[in-house]
Amino acid sequence: MKRIAVLLAVLLASAPAAARDYGQQGTVFPIVEPDLLEQIRAKLQRLEASGETARLNADLKKRTIARVNRPEPVAGLGVAMALRQWRFDPTITVEADISDDKGRLIIAAGTRVNPLDTVGLRQKLVFIDGDDAGQLAWAIARYKQADAKFILVKGAPLELMRARQRRFYFDQGGSFVKRFGIHAVPAIVEQQGRILLVREVPLPKPQGTQS
């Protein structure tokens, strides 16, 4: 039986391959793929010729300038109606070893570090709505530039800087108010030893206003 299997294998291996031409069975189309880069280049040329590119660039520039002059307001904040205050501990736990450029260990992973031990908060952080005339007047009357940094949650910081001749910052994306847990403005953050005191402060009512 094994001899028969070997003989068949030899015969199949040595037999010439037979091929037949069955002719064309249908319409054959050449494979043509358009060049993607050429398509993009042609579209850009059409946009350029029609003036659409210039219009899009001008629109982008306009929107960028508008966003710089008036950033997106921080969402979810209200106006402080009652005094609310709490302590905020900025201590963090180092997740990985921190070494210098020569590989010498500076801080080991797992170490708890309080940034206030190294760099103190020299100025109060005052969060206000820059479009609220009352909050703006209150902050400017109460704090000199050396005493506090004004951080807007809404408004036009560059316009206010020109008008008031002092610096205004903006809490882009609400990162600071989220970090401190602030829900309403005006709000003040100041250092007290190794912690930060955070307060939401209602504005004093104008004289003659009924409660």
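Structure: above.
Residues numbered from 1 in each chain as written. Predicted model: local features only at pLDDT ≥ 70, side-chain atom pairs only at ≥ 80, totals over all residues. Heavy atoms only, no water.

1. Quick notes on the environment of K124
Argument step 1. The residue K124 is located in strand β7 (residues 124-129) in this model.
Argument step 2. A relative accessible area of 27% means that K124 is categorised as partly exposed.
Argument step 3. Along the primary structure K124 and E190 are separated by 66 residues, whereas in three dimensions their C-alpha atoms are 4.8 Å apart.
Argument step 4. Dropping the residues within four chain positions of it, K124 is found in contact with Y143, D147, A148, K149, I188, V189 and E190. (Helix = DSSP H or I, 4+ residues; strand = E, 2+ residues; numbered from the N terminus. Buried < 20%, exposed > 50% of the residue type's maximum accessible area, 1.4 Å probe, protein only. Contact = heavy atoms within 4.5 Å.)

2. Some words on the pairing of strand β8 (residues 148-154)
Argument step 1. Summarising burial for β8: five of the seven residues are buried, a large majority.
Argument step 2. Pairing geometry for β7 and β8, over six bridges, is parallel. Paired with D129 across the bridge in β8 is K154.
Argument step 3. On the question of chirality, the crossover connecting β7 to the parallel β8 by way of helix α4 (residues 133-142) is right-handed. (Pairing = 2+ DSSP bridges. Right-handed = clockwise from strand over helix to strand, strands pointing away.)

3. A look at the nonpolar core
Argument step 1. Within the largest apolar cluster, 16 residues are counted, with the highest numbers of intra-cluster contacts made by F127, F180, I182, V189 and V198.
Argument step 2. Other than its neighbours up to four places away in sequence, F127 contacts I151, V153, D171, F176, V177, F180, I182, V185, P186, A187 and V189.
Argument step 3. Counting 14 residues, the second largest nonpolar core, distinct from the first, contains V126, L136, L160 and F170. (Core = buried A, V, L, I, M, F, W, Y, C linked by side-chain atoms within 4.5 Å.)

4. Here we look at the packing of aromatic side chains
For any pair of aromatic rings, geometry is given as the distance between the ring centres together with the angle between the planes.
Argument step 1. Summed over all chains, the structure comprises five aromatic pairs.
Argument step 2. A centroid spacing of 5.1 Å and a plane angle of 85° characterise the contact between F88 and F180, whose relative ring orientation is edge-to-face. Residue F88 is located in strand β2 (residues 84-88), and its partner F180 is located in helix α6 (residues 175-180); the two are separated by 92 residues in the primary sequence. As far as burial versus exposure is concerned, F88 and F180 are alike and both buried.
Argument step 3. Look at F150 and F168: their rings are 5.7 Å apart centre to centre, the planes differ by 50°, and that puts the pair in the tilted class. Linking F150 in strand β8 with F168 in strand β9 (residues 168-170), this pair joins segments that are 18 residues apart in sequence. Each member of the pair, F150 as well as F168, carries the same accessibility label: buried.
Argument step 4. An aromatic cluster is built from F88, F127, F176 and F180, whose rings are joined through pairwise contacts. (Phe/Tyr/Trp six-rings, centres within 6.5 Å; stacked < 30°, edge-to-face > 60°.)

5. Structural notes on unusual backbone geometry
Phi is mostly negative for residues that are not glycine, and the peptide bonds are mostly trans.
Argument step 1. The linkage connecting V185 with the following residue, P186, adopts the cis geometry, with an omega of 5°.
Argument step 2. With respect to the secondary-structure elements, P186 resides in the loop between β10 (184-185) and β11 (187-192).
Argument step 3. Notably, Q165 is not glycine yet its phi reads approximately 60°, a positive angle.
Argument step 4. Relative to the elements of secondary structure, Q165 occurs in the loop between α5 (157-164) and β9.
Argument step 5. Judged by its relative accessible area of 68%, Q165 is exposed.

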